[in-house]
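What follows is each chain in one-letter form.
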Amino acid sequence: MTIIISDEIIQASQLTPKEFCQEIALYLFETGHLTVGYASQLADMPTDVFRQLLKQRHIPLYRKWEPEDPHHKERWCQDEWRPQKNKLQNLY
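Numbering of residues starts from 1 in each chain and follows the order in which that chain's sequence is written. Under the rules for a predicted model, residues below a pLDDT of 70 receive no local features and side-chain atom pairs below 80 are neither given nor counted, while totals for whole chains, interfaces and linings still include all residues. Neither water nor hydrogens contribute to the side-chain values; these are computed over all heavy atoms in the structure.

1. Examining the overall build of the protein
Piece 1. Here a strand is any run of E in DSSP of at least two residues, a helix any run of H or I of at least four, and the numbering for each starts at the N terminus. When helices and strands are tallied, the protein shows 6 helices and 0 strands.
Piece 2. The linear arrangement of helices and strands in the protein, starting from the amino end, is α-α-α-α-α-α.
Piece 3. Buried means the residue's accessible area, taken with a 1.4 Å probe over protein chains only, is under 20% of the maximum for its type, while exposed means over 50%, and partly exposed covers the values in between. A buried classification covers 17% of the 92 residues belonging to the protein.
Piece 4. Note on contacts: a residue pair is in contact if any heavy atoms of the two residues lie within 4.5 Å. Expressed as a percentage of contacts within the protein between residues at least 6 apart in sequence, the contacts between residues at least 24 apart total 31%.
Piece 5. For the protein, the exposed area adds up to about 8000 Å²; of that, 56% sits on carbon and sulfur atoms. Computed by Shrake-Rupley with a 1.4 Å probe, the accessible areas treat only the displayed protein chains as cover when residues are assessed.

Shown next as structure tokens:
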């Protein structure tokens, strides 16, 4: 697939085309849409160089998974959640 980005948009971003691709790759990696391998390909960088860029930007290589419910830890400990917790533990 080819995506064409107009020169006007590149100029408006005040980035070079390479920097523009790197920013898109960083964003897609940070939001979990691309793995580090695919993001480094999009950024046209070796994986180890892309990892250094992540480090410079303070973007963690691994994300901590959190359920969508902000109160999951409190509910997980409550009795009403024990049956669900036991079911999940028995699956593994």
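Here the narrative resumes.
2. Quick look at the packing of aromatic side chains
Piece 1. Between 30 and 60 degrees the pair is tilted, below 30 it is stacked and above 60 it is edge-to-face, where a pair is any two Phe, Tyr or Trp rings, Trp via its six-membered ring, whose centres lie within 6.5 Å. For the coordinates displayed, the defined rule picks out 1 aromatic pair.
Piece 2. With a centroid separation of 6.3 Å and 90° between ring planes, the pair formed by phenylalanine 29 and phenylalanine 50 is classed as edge-to-face. Taken together, the residues span a long stretch of sequence, with phenylalanine 29 in helix H2 (residues 17–30) and phenylalanine 50 in helix H4 (residues 47–56) at a distance of 21 residues. In this pair, the class of phenylalanine 29 matches that of phenylalanine 50, namely buried.

3. Some remarks on a nonpolar patch on the surface
Piece 1. There is a patch of nonpolar side chains on the surface, built from Met1, Ile3, Ile5, Ile9, Ile24 and Leu42 and spanning about 620 Å² of accessible area.
Piece 2. If you trace the backbone, isoleucine 3 turns up in the segment before helix H1 (7–13). A patch consists of residues whose relative accessible area exceeds 30% and which take part in no salt bridge; residues with like charges are grouped when within 9 Å of each other, and nonpolar side chains (Val, Leu, Ile, Met, Phe, Trp, Tyr) when within 5 Å. One speaks of a salt bridge when a side-chain nitrogen belonging to Lys or Arg is within 4 Å of a carboxyl oxygen belonging to Asp or Glu.

4. Observations regarding the side chain of glutamine 22
Piece 1. The residue glutamine 22 is located in helix H2 in this model.
Piece 2. Here glutamine 22 falls in the buried class, since its relative accessible area comes to 15%.
Piece 3. Excluding its chain neighbours within four sequence positions, the residues that come into contact with glutamine 22 are Ala43, Met45 and Leu53.

5. Quick word on H4
Piece 1. Among all positions of H4, only Phe50, Leu53 and Leu54 are buried. Take H4 and look down its axis: the buried residues cluster within an arc of 100°, on one side only. Facing away from the buried surface of H4 by more than 90 degrees, the exposed residues are Asp48, Lys55 and Gln56.
Piece 2. Where H4 is buried, its residues contact H2 and helix H3 (36–42). The arc in question is the one traced by the directions running from the helix axis out to the C-beta atoms.

6. Here we look at the side chain of serine 40
Piece 1. Among the structural elements, serine 40 can be located in helix H3.
Piece 2. Contact partners of serine 40, with chain neighbours within four places excluded, come to Met45, Pro46, Thr47 and Phe50.

7. So, H2
Piece 1. By this rule, a helix spans an expected 1.5 Å times one less than how many residues it contains. Between its first and last C-alpha, H2 extends 20 Å over 14 residues, near the 20 Å set by a 1.5 Å rise per residue.
Piece 2. Residues of H2 that are buried: Phe20, Gln22, Ala25, Leu26 and Phe29.
Piece 3. Taken together, the buried residues of H2 touch H1, H3 and H4.
Piece 4. Where H2 ends, the next residue or the one after it, glycine 32, has phi of about 85°, a positive value.

Taken by themselves, the reported measurements are silent on function.
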